[in-house]
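Chain by chain, the residues:
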Amino acid sequence: MHDSEFGRAARDSGILRLMDDLGGAINRDAGVQMLGGGNPAAIPAVEKVFRAEMEAMLADGRAFERMVGNYDSPQGNDAFIEALAELLSGALGQPLTRDNIAVTNGSQAAFGALFNMFAGRARGGKVKKILLPMTPEYIGYADLLPGVRHGFTAARPRIEELDDWRFKYRLDFERLRIGDDIGAVCISRPTNPSGNVITDDELARLRRMAREAGVPLIVDGAYGPPFPGIVFTRATPCWDENMILCLSLSKLGMPGARTGIVVARPEIIAHITESNAIFTLAPGRFGPSLAARLLANGGEKLTALCAQHITPYYRERSRRAGELLREAAHGVPLRVHASEGAIFLWLWFPGMPISGDALYRRLKRRGVLVVAGEHFFPGLKGAWRHREECIRVTFAAEAAQLERGIAAIGEEARRAYAAR
Ligand SMILES: Cc1ncc(COP(=O)(O)O)c(C=O)c1O
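A quick note: this is a predicted structure, and the numbers were derived from the prediction, not measured.

**Looking at the nonpolar core**
Thought 1: Judged by nonpolar contacts, the single largest core of 121 residues is most densely connected at Val185, Val262, Leu347 and Val370.
Thought 2: When we break this core down by domain, the ones giving at least three residues each are domain 1 (5-46 + 304-418) and domain 2 (71-298).
Thought 3: Contacts of Val262, omitting those with residues within four sequence positions, involve Ile101, Ala102, Thr104, Ala110, Ile244, Cys246, Ile269 and Ile272.

Laid out in structure tokens, this is it:
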């Protein structure tokens, strides 16, 4: 086979190993404690609502046949986009129209289109990068610019120790610069993997910096407000013409529907539409058709689903996972990032004699899947021991898996420190 640059990049990608572990564990290995992937939890009350809407669609004349039997426009499903414009205008406090919204096959595809739009060689010869202003950051960005050498650049955070075992990353504005080699800035809020939520003030400052530098700020709201709203702290959703807000139906509980949403100014929406037409003809209709039913009447069903079921569910799982970890890691100098949102705990083992990757491999041999922290620093240059001292654990796993998996993490970490 022709050995292309894209082929080589795709073969080595961290996201492939992660999705492979995830798919393998879910589909094949009954005995595995799956604390690795980003799959949302199966929340019975949420599943029930999705099922009821599907049954209503099946009973609704030819709605099902229309869903499977037609292409949407490359921008995405009309009814879904109109309903989103109404909901998001209220939630973001901006008068949005259908020209501000496009649908993609998962938000991952939106990041691919956006990064390749803003990074790479611009007319005039300058090569632009995507700036990730605070790493650790989402592993899935890392391989989205296969044709651009050093397509990402990234900054370290400040580490704030909150108490005897919690810490929090803060944007380090002292070091952060948006130079003329930057094409766009991107940050996930809440952040996968750390569960950090940049504060409203930090976000306001970042928006100002991006505007002054003349580059867009991409905010990845895959877990954030207004939906699915997996946030346990204050995080006001916002948007302006210089921002691109990416949302997703995945963490609501529909990753199989592969539906992403881009909110941006019309010329960027036009680009996403072109990219959809070229790579997929049109985004899938299943997610939008089902979700449009939850968006009727200003999205009251969707809003209630998030507020009554999704947010409280993950808040409790996060609390429980933290409690289990504290017990399991007794005597180990573990620190856990403040769990402010998303579905992960980010564990930092200061001074651990083995790397996070070695810990990942030891745990995998025991049938416990986590993700080594080192993958979550795309674009970060220079040595930094911290990145070899972390692992990511999902608390969306079933309760029994979480208990067994966290117990094993405690044992392996204790063994690693004891062998020093
Ligand atoms: C922070 C973040 N952004 C984007 C995505 C992509 O999600 P999807 O393509 O399912 O919308 C994920 C998936 O885990 C994620 O964690």
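**Details of the sheet that holds strand S16 (residues 390-394)**
Thought 1: Read across the sheet, six strands follow the order S6-S7-S12-S13-S16-S15 without closing on themselves; strand pairing throughout is mixed. Where the open sheet ends on each side, the last strands, each with one partner, are strand S6 (158-161) and strand S15 (371-372).

**Some details on unusual backbone geometry**
Negative phi characterises most residues that are not glycine, and trans characterises most peptide bonds.
Thought 1: Residue Arg189 is joined to Pro190 through a cis peptide bond whose omega torsion reads -5°.
Thought 2: Following the sequence through the fold, Pro190 ends up in the loop between strand S8 (182-188) and helix H7 (200-213).
Thought 3: Following Phe227, the chain continues into Pro228 via a peptide bond in cis, with omega recorded as 5°.
Thought 4: In this structure, Pro228 sits in the loop between strand S9 (217-220) and strand S10 (243-248).
Thought 5: Even without a glycine there, the phi angle at Asn297 is positive, about 55°.
Thought 6: Structurally, the position occupied by Asn297 is in helix H11 (residues 296-328).

**Describing the site of the ligand**
Thought 1: Among the 14 residues in the neighbourhood of the ligand, the closest are listed as Gly106, Ser107, Gln108, Ser248 and Ser250.
Thought 2: When its residues are assigned to classes, the shell around the ligand shows three nonpolar, ten polar and one charged.

**Things to note about the pairing of strand S11 (residues 260-263)**
Thought 1: Residue alternation in S11 divides its side chains into two sets, Gly260 and Val262 and Ile261 and Val263, and both sets are buried.
Thought 2: Where strand S2 (residues 101-104) meets S11, four bridges bridge the pair, whose relative direction is antiparallel. Within S11, the position partnered with Thr104 by the bridge is Gly260.

**With respect to the domain arrangement of the chain**
Thought 1: Assigned domains of the chain: these are domain 1 (5-46 + 304-418) and domain 2 (71-298).
Thought 2: Domain 1 puts 43 residues into the contact, and the matching count from domain 2 is 45 residues.
Thought 3: Of all the secondary-structure elements, those providing two or more residues to the side of domain 1 that touches domain 2 are helix H1 (5-11), helix H2 (14-27), H11, strand S12 (335-337) and strand S13 (344-348).
Thought 4: Ranked by residues supplied to the side of domain 1 that touches domain 2, first place goes to H11 with seven residues.

The rules behind the values
Residues numbered from 1 in each chain as written. Predicted model: local features only at pLDDT ≥ 70, side-chain atom pairs only at ≥ 80, totals over all residues. Core = buried A, V, L, I, M, F, W, Y, C linked by C-beta atoms within 7 Å. Buried ≥ 20, exposed ≤ 12 C-beta atoms within 10 Å, placed from the backbone. Domains from an automatic or database assignment. Contact = placed C-beta atoms within 7 Å. Pairing = 2+ DSSP bridges. Helix = DSSP H or I, 4+ residues; strand = E, 2+ residues; numbered from the N terminus. Near = placed C-beta within 6 Å. Nonpolar A, V, L, I, M, F, W, Y, C, P; charged D, E, K, R; others polar.

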